[in-house]
Amino acid sequence: MNIESYEDAFNRVKEKKEGAFIPFIVAGDPDFQTSLQIVKTFVENGADALEIGFPFSDPVADGPTVQMADIRALESGMNTKKGFEFIKSLREFTDIPIGVLTYYNLIYKMGLDDFYKTAKESGVSAILAADLPPEEANYVVKAAKKHGIQQIFMAAQSTSNERLEKILEICSGFLYVVAVMGITGARNEIENSTVKLIQRIKDQSEIPIAVGFGISKPEHVKEVINAGADGAIVASAILNLITENLQNKEKMLQNIGSFCRELKNATKD
Amino acid sequence: MILDGKFGKYGGAFVPELLIPALEELEKAFLKYKDDEEFNKELKYYLREFAGRPTPLYYAKNLSEKLGCKIYLKREDLLHTGAHKINNTLGQGLLAKYMGKTRLIAETGAGQHGIATAVIGSLLQIPTEVYMGSEDVERQKLNVFRMELSGAKVNPVENGSRTLKDAINDAFRDWASSSDTTHYLIGSTMGPHPYPMMVKHFQRVIGKETKTQILKNEGKLPDVVIACVGGGSNSMGIFSGFIEDKEVELIGAEGGGEGLNGKHGSTISAGTEGILHGSLSFVLQNDDGQISEAHSISAGLDYPGVGPEHAFLSSKGRAKYYPVTNEEAIRGFKLLSEYEGIIPALESSHAIGMAEKYAKENKGKTIIINLSGRGDKDVDILAKLMGVKL
Ligand SMILES: Cc1ncc(COP(=O)(O)O)c(C=O)c1O
């Protein structure tokens, strides 16, 4: 299978005058098989790229929704090795870019070289460690380069231009823009300062921008795409559909499917 | 940031991008005020008049005779709120005031640091909120009430294991969206840079006083300094006075719990390298890097991480760390109560248990024990263990 690069994926949607829709799920939430089916549902309903969380016991960047998903996944037996098996299984039915979102301790514990090597072999396109700022990322960036994995970083409204420059120097694939001041979680409104941040980045760089944290409605997707973002990442709002339908898998997949279609449609103008 | 916050390879600042500006602002302010004359004058005033410094270095005559060593106790238990924690909360609270922050948040396990923060919030009239795992809220109702009496709001944390590490996670989450107005007052020499460096700075006063006092009493340095290690602040405070004096042994007593084959909190003795709460240090974790729960009879040593400078001192062999089991700590608790009329905190009892073991092999040595806190908070635990109904 020929895995699509982020560059190609963002160009593909741009040519259609759309933004990229990037849904998120924690590998193994609520269990291995169901989460596979959920990702299939993502792909069948318009996902342009995927964000797959590897669960961590202490996810400081995340709100209660993602943490609950992490706990469900860990309780179902998910671990780093199975996480990579999960990605391999995804590669049996999709070639769109897959980003792994995790925390640095999982990478450090396995060993940087081993982690990135296995990631590549499993079909991972990019890795983002939520608690790894550029200052600490030297070795990681080297390992990523060595194994042909893109390393994604985050920027927030509070990120100064000076830091932004540093981040842009080492960030590849896309830049993950944090939409709100705070942690992940579904929210009602997208802050105006997010719009300003997107413009600030566009002034400095050509790198594709995907906005995440707090994007929970089709209107939010529309707003950030209109503000110049190349993609929108939706996490907590999707995970809520898992939480709400744990007893009824069919309904869970149905609801996720129709929600994804709405979100994807919102990326088209 | 101006400094990298590394102790050898340990330490650093492994936090989400959102928190970096908050840490940068804090580092800048700390580096500015730590040598500021007015700041230090005010801090010294409060340490003396409010907290009760200096604390005595007490020669424990009866215990010395019993154990066959010269034993001195650094009496941090005599401080206001009953533990060394207030040295740090005064320092950081004042720093928050100088930074113009209008709200304090803190994490707490059993409530010691929460109380020390709550009283500083009251003293400086800064509204204070304390994150506390809901399990701990349930176990430590009295301390929750004490915090509330000082005007603090206690936020029970329902996430994860609902204990100290989850309280820390939630405090960081709060801070990620509130750092404009809020200072996060971390309670030990852990967390991302600049916390380990800053908390050590504010706890240094223990080591400085102790060194002056022992030289005055004995005319020479001690053979060994022993302190208990949770996050590592009381130990780092007293060690800092002697780190340069290579002939002085430094020993950290970790929460040995049921022993290393059972549940424990011996992060350095039995943990592995990892990243938790913003720094690279030793942690208790499984093969995948998922953080384990710690266990110790004393809530203050019940933490699966440890300050990065301790990891560094251990790797250099400058300080040694040993597990002290629940049972050994209880023996230490009773020993000090019976022989000296001083009821120690269960945390500090680990240092006493350690000293007892050390004395057995090293007769005639001069030992300083950091008595980090008093044991009033723990008497009901002891009563329960001894089958006494209160
Ligand atoms: C009396 C006392 N000693 C020791 C500790 C352990 O903390 P640290 O290692 O930071 O001194 C605590 C923590 O709550 C405490 O209350």
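Conventions used here
Residues numbered from 1 in each chain as written. Chains lettered and ligands numbered in written order. Predicted model: local features only at pLDDT ≥ 70, side-chain atom pairs only at ≥ 80, totals over all residues. Heavy atoms only, no water. Helix = DSSP H or I, 4+ residues; strand = E, 2+ residues; numbered from the N terminus. Buried < 20%, exposed > 50% of the residue type's maximum accessible area, 1.4 Å probe, protein only. Contact = heavy atoms within 4.5 Å. Lys, Arg positive; Asp, Glu negative; His and termini not counted. Charge placed at Lys NZ, Arg CZ, Asp CG, Glu CD. Near = heavy atom within 4 Å. Polar contact = N/O pair within 3.5 Å; in protein donor to acceptor, adjacent residues only side chain to side chain. Areas by Shrake-Rupley, 256 points an atom, 1.4 Å probe, with all protein chains shown as cover. 1 Å grid on protein atoms, 1.4 Å probe; cavity = no way out; pocket = protein on both sides within 12 Å on 5 of 7 lines; lining within 4 Å. Sits in = over half its atoms within 2 Å of the grid points. Nonpolar A, V, L, I, M, F, W, Y, C, P; charged D, E, K, R; others polar. Points joined across faces, edges and corners; volume = space filled by probe spheres on them. Pairing = 2+ DSSP bridges. Axes fitted to C-alpha atoms, helices over the stretch in contact; angles between N-to-C directions. Disulfide = S-S within 2.5 Å. Salt bridge = Lys/Arg side-chain N within 4 Å of Asp/Glu carboxyl O. Buried area = accessible area lost by both parts, 1.4 Å probe. Patch = residues over 30% accessible without salt bridge, like charges linked within 9 Å, V, L, I, M, F, W, Y side chains within 5 Å.

Of regular secondary structure, chain A possesses 12 helices and nine strands. If you line up chain A on its principal axes, its C-alpha atoms span 45 × 40 × 35 Å. Here chain A holds 269 residues, and the buried ones make up 63% of them. Nonlocal contacts in chain A, meaning residues at least 24 apart in sequence, comprise 73% of its contacts between residues at least 6 apart. The averaged location of the 37 negative side-chain charges in chain A is 2 Å from the averaged location of its 29 positive side-chain charges.

In this section: the site of the ligand. All names here are of chain B. Near the ligand you find 18 residues, and of these Ser 188, Gly 230, Gly 232, Ser 233 and Ser 372 are the closest. Within the side chain of Ser 188, a nitrogen or oxygen atom sits 2.6 Å from an oxygen atom of the ligand. Protein chains shield 95% of the accessible area of the ligand, which is 390 Å² for the free molecule. A molecule is said to occupy a pocket when more than half its atoms come within 2 Å of that pocket's grid points, and by this definition the ligand occupies the largest cavity. Elements that contribute at least two residues to the shell around the ligand include exactly β9 (224-229) and α10 (233-239). Here the shell around the ligand is built from residues that sort into five nonpolar, 11 polar and two charged.

Residues and elements named next belong to chain B. In this structure the tally under the stated criterion is nine cavities of 30 Å³ or more. The calculated volume of the largest cavity comes to roughly 420 Å³. Elements supplying a minimum of two residues to the lining of the largest cavity: β5 (103-108), α5 (112-123), α8 (164-178), β9, α10 and α14 (346-361). With three residues, α10 is the single largest residue contributor to the lining of the largest cavity. Tallied by class, the residues present in the lining of the largest cavity amount to 11 nonpolar, 19 polar and five charged.

A word on the side chain of Ser 372 of chain B. Residues and elements named next belong to chain B. For Ser 372, the position within the fold is in the loop between β14 (366-371) and α15 (379-385). Judged by its relative accessible area of 3%, Ser 372 falls in the buried class. The contacts of Ser 372, once residues within four sequence positions are left out, are Glu 76, Asp 77, Gly 82, Ala 83, His 84, Cys 228, Asn 234 and Ser 348.

Moving on, we come to the sheet that holds β5 of chain B. Residue and element names in this part refer to chain B. Read across the open sheet, the four strands follow the order β7-β6-β5-β8; overall the sheet is parallel. The open sheet terminates on both sides in strands that have one partner only, identified here as β7 (153-157) and β8 (182-184). When the angles between neighbouring strand axes are averaged without regard to direction, this sheet yields 25°. As defined by bridge partners, β5 adjoins strand β6 (residues 128-133) across five bridges and the pair is classed as parallel. Residue Glu 107 lies in a different strand from β6, and its bridge partner there is Tyr 131.

Another point: the state of the cysteines. Among covalent bonds in proteins, the disulfide is the one between the sulfur atoms of two cysteines. Residues and elements named next belong to chain B. In this structure the tally under the stated criterion is zero disulfides over all chains. Unpaired in terms of disulfides, Cys 69 finds its nearest cysteine sulfur in Cys 228, a separation of 19 Å. Overall, Cys 69 belongs to the buried group, its relative accessible area being 5%.

Turning our attention to the pairing of strand β8 (residues 209-212) of chain A. All names here are of chain A. Alternating positions in β8 separate into two faces, Ile 209 and Val 211 on one and Ala 210 and Gly 212 on the other, with burial throughout. Summarising the sheet, strand β7 (residues 175-178) and β8 pair through four bridges and their orientation is parallel. Looking across to β8, one finds that Val 177 is bridged to Val 211. Alignment of β8 against strand β9 (residues 231-234), held across two bridges, turns out to be parallel. Looking at β9, one finds that Val 211 is bridged to Ala 232.

Residue and element names in this part refer to chain B. Within this structure, the stated rule accounts for 37 salt bridges over all chains. Between Arg 103 and Asp 174 there is a salt bridge, with the nearest N and O atoms lying 2.7 Å from each other. With Arg 103 in strand β5 and Asp 174 in helix α8, the pair connects residues that are 71 residues apart, well separated along the chain. Since its relative accessible area comes to 11%, Asp 174 is described here as buried. A salt bridge links Arg 173 to Asp 170, with the shortest nitrogen-to-oxygen separation between them at 2.7 Å.

All right, on to the layout of surface pockets then. Residues and elements named next belong to chain B. Considered as a void within the structure, the largest pocket measures approximately 940 Å³ in volume. Within the residue set of the lining of the largest pocket, elements represented by two or more residues are α6 (134-139), α7 (141-149), α8 and α15. Residues of the lining of the largest pocket, tallied by class, amount to nine nonpolar, 12 polar and 16 charged. In this structure, the second largest pocket encloses a volume near 400 Å³. Forming the walls of the second largest pocket are 14 residues, and the residues nearest its centre are Leu 43, Lys 44, Leu 47, Val 205 and Lys 208. A per-element tally of the lining of the second largest pocket places helix α9 (residues 195-218) first, with six residues.

In this complex, chain B contributes 35 residues to the contact, which on the side of chain A involves 38 residues. Carbon and sulfur atoms supply 53% of the area buried between chain B and chain A, which totals about 2900 Å² over both sides. Among the residues of chain B in contact with chain A, Glu 17, Leu 18 and Arg 173 of chain B are the three that bury the most area, contributing 25% of the side total. Joining chain B to chain A, the criterion identifies four salt bridges.

Residue and element names in this part refer to chain A. Assignment of secondary structure puts Arg 12 in helix α1 (residues 6-15). Counting along the chain gives 36 residues from Arg 12 to Asp 48, while the straight-line C-alpha distance between them is 9.0 Å. Filtering out sequence-adjacent residues up to four positions away, Arg 12 remains in contact with Glu 4, Asp 48 and Ile 96. A polar side-chain atom of Arg 12 sits 3.2 Å from a polar atom in the side chain of Asp 48.

Before going further, it helps to examine the sheet that holds strand β3 (residues 98-102) of chain A. Strands in a sheet are paired, the pairing made by backbone hydrogen bonds, and the direction either parallel or antiparallel. Residues and elements named next belong to chain A. Within the open sheet, the nine strands sit side by side as β5-β4-β3-β2-β1-β9-β8-β7-β6. Their pairing is parallel. In this open sheet, the two strands that pair with only one neighbour each are β5 (150-151) and β6 (154-155). Pairing analysis gives two bridges linking β6 to β7, with the strands arranged parallel. Bridging from a neighbouring strand, Met 154 pairs with Tyr 176 of β7.

Attention now moves to a nonpolar patch on the surface. Taken together, the side chains of Leu 385, Met 386, Val 388 and Leu 390 of chain B define a hydrophobic patch exposed on the protein surface, amounting to about 450 Å² of accessible area. In this fold, Met 386 of chain B is placed in the segment after α15.

What follows concerns the side chain of Lys 165 of chain B. One can find Lys 165 of chain B in helix α8. Among the polar contacts made by the side chain of Lys 165 of chain B, one reaches the side chain of Asp 58 of chain A at a distance of 3.0 Å. Among residues more than four places away in sequence, those in contact with Lys 165 of chain B are Ser 57 and Asp 58 of chain A together with His 277, Ile 291, Ser 292, Glu 293 and Pro 304 of chain B.

That is the geometry; function is a separate question.
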